[in-house]
Amino acid sequence: MADSNRESLAFIEEGNDADAESDELEVEEGPAFKKPRKRKARCWKYFTILGEKGHEKARCNGCKIEYKMDSKTCGTSTLNRHIDKCIQIKHEDIGQVILDMKGKMKAIKIDMKVAREMYAEAVIEHDQPFNFVEYKKFRRFHNYLNPDWTGISRNTLKQDVLNVHMRDKMKLKNMFGSIESRICLTSYLWTSCNTEGYVFLTAHFIDVNWKLNSKIIAFRHMPPPHTGFELTHKILGLLKEWGVEKKIFTITLDNASANDSMVGGLRSQLNMQKLLLCDEKFFHVRCSAHILNLIVQDGVKVANDALSRIRESVKYIKGSESRMIKFKECIEQVGGENTVTALIADVPTRWNSTYEMLDRALKFRRELSILQLSDRNYKYFPSEEEWNRLEILCRFLQPFCEITNLMSDTSYPTSNLYFLQVWKIQRVLIRMSTDEDVVVSSMANKMMDKFQKYWEEYSDVLSLGVVLDPRIKFTTLSFCHRKIDAYTHDDKMENIKANMYKLFDNYVTSTTTDQSQDNTPSSSQGSMETRGWNDEIFDEFFLHNQHLAIKVGKSELYVYLEEPILIIDNWNSFDALQWWKDNSCRFPNLLMACDLLSIPITTVASESAFSIGSHDDGISHILASSRGSNGHETL
């Protein structure tokens, strides 16, 4: 019996899996025949039993190491630990068996650490709960792929998710430490549907490959009171946690009074350590999307009567299937190809949907007139005067919609696009303020009052971003200001040029200080005992070359501004960052281009950029900080 058992074990070494299961049997000799007992330990798939009974040993099929084997004194723990360490063993029980090109069986080893990380990343990306890995069907699927897979618990997955978070956080912190550019911030206070406050903090920067990055570095619970002092303390703590307090360039905020107080606190704290450029002159940037919404809100209210007729017309037609069929017949009478589904019902608190509803309804003006004649219950058809007013309003709102789409783009456009959009809106307001229609001119004048309240002077730091657009520079900028007001043109251009050179001088000074600190010999290195006269002479030589390099860097700005503007065929396809990347070898010291182009012009998420409602839902609370609790804007 013992000889036949050893023969069958030798057959296992040759790789016959079918007989392996039948061979993992231990037969005890004795006077009475007993049923063979199956060896269930994992190690017996990789070890072979050698020797006579009582002096048996277990030999690894991979590395051939032998271990003493005694069922009474030695267990299988040592053998199981050896399996995990042995690099000669193919782990079929934790791998996937596939066929290679020759049709032979081949095992692929799966790293369980990598597999758990992939689970955690999948749960994060797809917003799955932690108990996802405990779902019955999910575990059944894994057991089908690998019967030996034991699975992980929700608590293990939770820890894996935290490990992934800490890993990515350290990568981002290392990236912050490696980039030479400064970091621009956006922050806003968000209130959930259960009235709990949270503070958002997003970092915007350009990496070494001249790619614009926007990373949410904090989403923290913010208990009341939401005062400027508390917000200052919270933001400063987050900046120190990430180690970026020395690299801050700007912070973009909405118009809440608490944010104005917070900016003052941040300025004083950062300026005490000389961490801000130009004595915090360019530190605070107001959210353009909030300002734009306030401007549009005042304008839409003036034409509310004409808009309500279009809104009620859409509701009437979409109110029943019979009306939709009747309106479709009206479309067929005029030979139109559009269907009734082209009509859009708006959400009054989201003005972009109002613009889309109006734009679609204007295309069905003839069809609606036919419906009025055929359906005497339809009483919402606008008058001729109201139709003309709505056409003007639609053209009037188009640039506002375009700039809001631009500002709320998830890719965060570079700041060089800001100036021309605001300039376009101002030109439209000036033209519409003299319109013959009293309602349209009244609407434009109200919007102009709001425009001048916030944008009477375009943001200085964002205006500098357009100068670093090679298509525009000072030449096009001067043309735009002259079109708006020729009398104030010279003063505005002088102010922008002064700010440009002042900011550049700050970059030069900052670079000089950093290089001097890096190259200044330490006290131990500078002593006569450890350093000779020749070393000190070379130190002076290097410092002299650095000062010359600074002068060359200053001339780079002059060279860039003196070059003719870039003429391109497709204006909208131009990428300013790509242009600076391609020309970085010509202007290696114009680091401020990298920082100015990364300034965000809005703090608002794309799905909330058009909202002008009462902000009583979770998402629209993003905009609530620009309005008081009574619905009035605060400064």
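Residues numbered from 1 in each chain as written. Predicted model: local features only at pLDDT ≥ 70, side-chain atom pairs only at ≥ 80, totals over all residues. Heavy atoms only, no water.

Quick notes on the overall build of the chain
Line of reasoning, step 1. Looking only at helices and strands, the chain features 23 helices and twelve strands.
Line of reasoning, step 2. Taken across its 635 residues, the chain has 43% of its residues classed as buried.
Line of reasoning, step 3. Split by element, the accessible area of the chain, about 35400 Å² in all, is 51% carbon and sulfur. (Helix = DSSP H or I, 4+ residues; strand = E, 2+ residues; numbered from the N terminus. Buried < 20%, exposed > 50% of the residue type's maximum accessible area, 1.4 Å probe, protein only. Areas by Shrake-Rupley, 256 points an atom, 1.4 Å probe, with all protein chains shown as cover.)

Structural notes on the side chain of Asn499
Line of reasoning, step 1. Tracing the backbone shows Asn499 in helix α19 (residues 489-519).
Line of reasoning, step 2. Those residues in contact with Asn499, other than ones at most four positions away along the chain, are Lys281, Phe282, Asp460 and Leu464. (Contact = heavy atoms within 4.5 Å.)

Observations concerning the packing of helix α15 (residues 418-432) against helix α18 (residues 473-484)
Line of reasoning, step 1. Remark: α15 packs on α18, axes separated minimally by 10 Å, with the N-to-C direction vectors making an angle of 20 degrees. On the basis of the axis angle, α15 is roughly parallel to α18. Viewed along their axes, α15 and α18 form a crossing whose handedness is left-handed. Counted together, Phe419, Leu420, Trp423, Gln426, Arg427 and Ile430 of α15 and Leu477, Cys480, His481, Lys483 and Ile484 of α18 form the full contact between these two elements. (Axes fitted to C-alpha atoms, helices over the stretch in contact; angles between N-to-C directions. Parallel < 35°, antiparallel > 145°, perpendicular 65-115°, else oblique. Left-handed = near helix turned anticlockwise from the far one by under 90°.)

Things to note about the pattern of salt bridges
Line of reasoning, step 1. For the structure on display, the rule yields 16 salt bridges.
Line of reasoning, step 2. Note that Glu121 is salt-bridged to Arg167, the shortest N-O span being 2.9 Å. Of this pair, Glu121 sits in helix α4 (residues 112-125) while Arg167 sits in helix α6 (residues 154-178), and the two are 46 residues apart along the sequence.
Line of reasoning, step 3. Several salt bridges share partner residues, and in doing so they unite Glu117, Glu121, Arg167 and Asp168 into one network. (Salt bridge = Lys/Arg side-chain N within 4 Å of Asp/Glu carboxyl O.)

Some details on the sheet that holds strand β9 (residues 197-206)
Line of reasoning, step 1. Strand order across the open sheet formed by five strands is β10-β9-β8-β11-β12, with mixed pairing between neighbours. Of all strands in the sheet, those bounded by a partner on one side alone are β10 (212-221) and β12 (284-286). Here the strands of the sheet are splayed against their neighbours by 25 degrees on average, with no regard to which way each runs.
Line of reasoning, step 2. Pairing of β9 with β10 involves nine bridges; the strand directions are antiparallel. (Pairing = 2+ DSSP bridges.)

Details of the packing of aromatic side chains
Line of reasoning, step 1. Using the criterion set out here, one finds 19 aromatic pairs in the structure.
Line of reasoning, step 2. Where Tyr378 meets Tyr380, the ring centres are 6.3 Å apart and the plane angle is 65 degrees; that geometry is what we call edge-to-face.
Line of reasoning, step 3. A residue is classified by how much of its surface remains accessible, and Tyr378, at 3% relative accessible area, is buried.
Line of reasoning, step 4. Judged by relative accessible area, which is 31%, Tyr380 ranks as partly exposed. (Phe/Tyr/Trp six-rings, centres within 6.5 Å; stacked < 30°, edge-to-face > 60°.)

Some points on the pairing of strand β11 (residues 248-253)
On a regular strand, one side chain projects to one face of the sheet and the next to the other, so that they alternate.
Line of reasoning, step 1. Within β11, six of the six residues are buried, which leaves it mostly tucked inside the rest of the structure.
Line of reasoning, step 2. Relative to β11, strand β8 (residues 183-191) runs parallel, the two sharing three bridges. Across the sheet, the residue bridging to Ile183 is Ile248, located in β11.
Line of reasoning, step 3. As paired strands, β11 and β12 are joined by three bridges and run parallel to one another.

Overview of the nonpolar core
Line of reasoning, step 1. Ranked by size, the top nonpolar core spans 101 residues in total, and within it Phe396, Phe400, Leu503 and Trp580 carry the most contacts.
Line of reasoning, step 2. Ranked by residue count, the leading element in this core is helix α14 (residues 384-407), at ten residues.
Line of reasoning, step 3. When residues no more than four places from it in sequence are discounted, the contact partners of Leu503 are Phe249, Leu277, Cys278, Phe282, Leu464, Met592 and Leu596.
Line of reasoning, step 4. In terms of nonpolar packing, the next biggest core, distinct from the first, is built from 31 residues, Ala218, Leu236, Leu238 and Ile251 among them. (Core = buried A, V, L, I, M, F, W, Y, C linked by side-chain atoms within 4.5 Å.)

Focus on the confidence of the model for the chain
Line of reasoning, step 1. Taken as a whole, the chain shows an average pLDDT of 76; of its residues, 75% reach a score of 70 or greater.
Line of reasoning, step 2. Contacts for the low-pLDDT stretch residues 606-635, under 50 throughout, to residues beyond four places or in other chains number 79 contacts. (pLDDT = per-residue confidence, 0-100.)

So, a nonpolar patch on the surface
Line of reasoning, step 1. On the surface, Phe141, Tyr144 and Leu145 cluster together into a nonpolar patch covering about 400 Å² of accessible area.
Line of reasoning, step 2. Tracing the backbone through its elements, the reader meets Leu145 in helix α5 (residues 136-145).
Line of reasoning, step 3. A residue is classified by how much of its surface remains accessible, and Leu145, at 53% relative accessible area, is exposed. (Patch = residues over 30% accessible without salt bridge, like charges linked within 9 Å, V, L, I, M, F, W, Y side chains within 5 Å.)

A look at the side chain of Ser441
Line of reasoning, step 1. Checked against the element boundaries, Ser441 lands in helix α16 (residues 438-455).
Line of reasoning, step 2. In this structure Ser441 touches Met432, Ser433 and Asp435, once residues within four positions along its chain are discounted.

Structural notes on the sheet that holds strand β5 (residues 66-68)
Line of reasoning, step 1. Ordered in space as β3-β4-β5, the three strands form an open sheet in which the pairing is antiparallel. Single-partner strands in this sheet number two, and they are β3 (47-50) and β5. Across the sheet, the mean angle from the axis of one strand to that of its neighbour is 30 degrees, orientation sign disregarded.
Line of reasoning, step 2. Pairing between β3 and strand β4 (residues 57-60): four bridges, direction antiparallel. Paired with Thr48 across the bridge in β4 is Arg59.

A few points about unusual backbone geometry
Line of reasoning, step 1. Across the junction of Pro224 and Pro225, the peptide omega takes the value 5 degrees, indicating a cis bond.
Line of reasoning, step 2. You can see Pro225 is positioned in the loop between β10 and α7 (228-242).
Line of reasoning, step 3. In this structure, Trp210 is a non-glycine residue whose phi angle is positive, near 60 degrees.
Line of reasoning, step 4. On the basis of relative accessible area, Trp210 is assigned to the buried category, the value being 17%.
Line of reasoning, step 5. A positive phi angle, near 55 degrees, is found at Lys473, a position not held by glycine.
Line of reasoning, step 6. Tracing the backbone shows Lys473 in helix α18.

So, the environment of Tyr46
Line of reasoning, step 1. Among the secondary structure elements, Tyr46 is positioned in the loop between β2 (37-38) and β3.
Line of reasoning, step 2. As for Tyr46 and Gly62, which are separated by 16 residues in sequence, their C-alpha atoms are 7.5 Å apart.

A closer look at helix α9 (residues 288-302)
Line of reasoning, step 1. Its 15 residues place the ends of α9 22 Å apart at the C-alpha level, agreeing with the 21 Å of an ideal helix rising 1.5 Å per residue.
Line of reasoning, step 2. Along α9, the positions that sit buried rather than exposed are Ser288, Ala289, His290, Ile291, Leu292, Asn293, Leu294, Ile295, Val296, Gln297, Gly299 and Val300. (Expected span 1.5 Å × (residues − 1).)

Digging into the state of the cysteines
Line of reasoning, step 1. With the rule as written, the count across this model stands at zero disulfides.
Line of reasoning, step 2. Free of any disulfide, Cys401 has its nearest cysteine sulfur in Cys394, 9.5 Å distant. (Disulfide = S-S within 2.5 Å.)

Observations regarding the environment of Glu245
Line of reasoning, step 1. Relative to the assigned elements, Glu245 resides in the loop between α7 and β11.
Line of reasoning, step 2. Residue contacts for Glu245: discarding those within four places in its chain leaves Leu239, Lys240, Leu270 and Leu275.

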